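Understanding the architecture of this molecule
So you can see what is in the structure, the chains are spelled out below.
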Amino acid sequence: MNERFWPAAMWSMVAAAVVLSGCSTKKGGQRTLPAPSFASAFGLVDPNTFVVLGGEPRSRGLTLIDAQSGAIKGSFGVTGEADALTIADDGSLILGIAGENESGASVGALEFWSKNGKKGVVIGMPAAVADLSEQIDNKIYALVGSRTSRAVVTVDVGQKKIVGTLAVQGDVQQIAVCRFDLRNYLLQVKSAGGMVARDLSDTATGAEITIKDPVKAPACATALHSIFVISSAFASKTVDLMSFPSTLTSGSHGIPLNAIRLHVMPDQELAVLNNAGAVSSIDVLPAAFFRSATTAPIPK
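All of these numbers come straight from a predicted model, not from anything done at the bench.

Okay, unusual backbone geometry next. Look at the link from Phe-244 to Pro-245: it is a cis peptide, with omega at 10°. Positionally, Pro-245 belongs in the loop between strand 21 (236–243) and strand 22 (249–255). Its identity is not glycine, yet Arg-58 carries a phi of approximately 75°, on the positive side. You will see that Gln-268, though not glycine, has its phi angle at about 75°, which is positive.

This is the structure we're talking about:
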């Protein structure tokens, strides 16, 4: 794998230029924070700090952003093939790498980074990493493979080693792992639309729950026994709160067409990552937006 880095100082200048003044704006009860260009993944490194993976292909970096004010707390360059991000419970930033070797074959890895920009342990993966789950039960789950052959690899975060592999359909594009009633469910988003939830405690029988609606970017709302998803219909997008396992929608809110990722915050606020190329942002929606079943438009 060819690793390409941007020097920390160079990435800091680019991140600062793209994020502009680093100030949040508020409309209709929600706040909007600026984010680095071509943002593709994000999460919380602590209750008040977002970390965002951004930058053009081969020139990737991580930017730390204050979750209230939008001010930049730090930024640094990372491996150019970084394509996925999750945050461990101990604050480690885990990057999923999707690269190629000298013969052009797909290769992947997980890289552990500190929020100070220091690269640590690297775990080789059987193929390119397309997506990562959040940590649950000291484990994270990595979606790996090509466009036609995919698997979910289980990694023990403490031991930093692979402890399991589960074959999935080749059209799975995104994953999440949610815990409900002491059971862990693997949510698999299909490229053609729809989502499958698989009980990880019963992989032998393959018991599954299918959601046929065109949804993506699932995020676990464990306290609400629900899942947040991005839904698309014609020329609009909404974030929907779906109860589990009934999958009935109990709340909905309009979001920008360029919304790509969701993250549930500790106080049940919902963060939405928007990627509009050179101009990206994070919308933080109050929990109150989802306390009724009415559909709310995008605040003006």
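If you walk through the whole model with that rule in mind, you get five aromatic pairs. Their ring planes at 20° and their centres at 5.9 Å tell us that Phe-76 and Trp-113 sit as a pair that is stacked. Taken together, the residues span a long stretch of sequence, with Phe-76 in strand 6 (residues 72–77) and Trp-113 in strand 9 (residues 106–113) at a distance of 37 residues. Comparing Phe-76 with Trp-113 shows no difference in burial state: the two are buried. Relative to Phe-244, the ring of Tyr-185 lies with its centre 4.8 Å away and its plane at 65°, an arrangement referred to as edge-to-face.

Further remarks concern the side chain of Ser-133. Relative to the helices and strands, Ser-133 resides in the loop between strand 11 (129–132) and strand 12 (139–145). Dropping the residues within four chain positions of it, Ser-133 is found in contact with Thr-86, Ile-140, Tyr-141, Ile-175, Ala-176 and Val-177.

Procedures and definitions
Residues numbered from 1 in each chain as written. Predicted model: local features only at pLDDT ≥ 70, side-chain atom pairs only at ≥ 80, totals over all residues. Heavy atoms only, no water. Helix = DSSP H or I, 4+ residues; strand = E, 2+ residues; numbered from the N terminus. Phe/Tyr/Trp six-rings, centres within 6.5 Å; stacked < 30°, edge-to-face > 60°. Buried < 20%, exposed > 50% of the residue type's maximum accessible area, 1.4 Å probe, protein only. Contact = heavy atoms within 4.5 Å.

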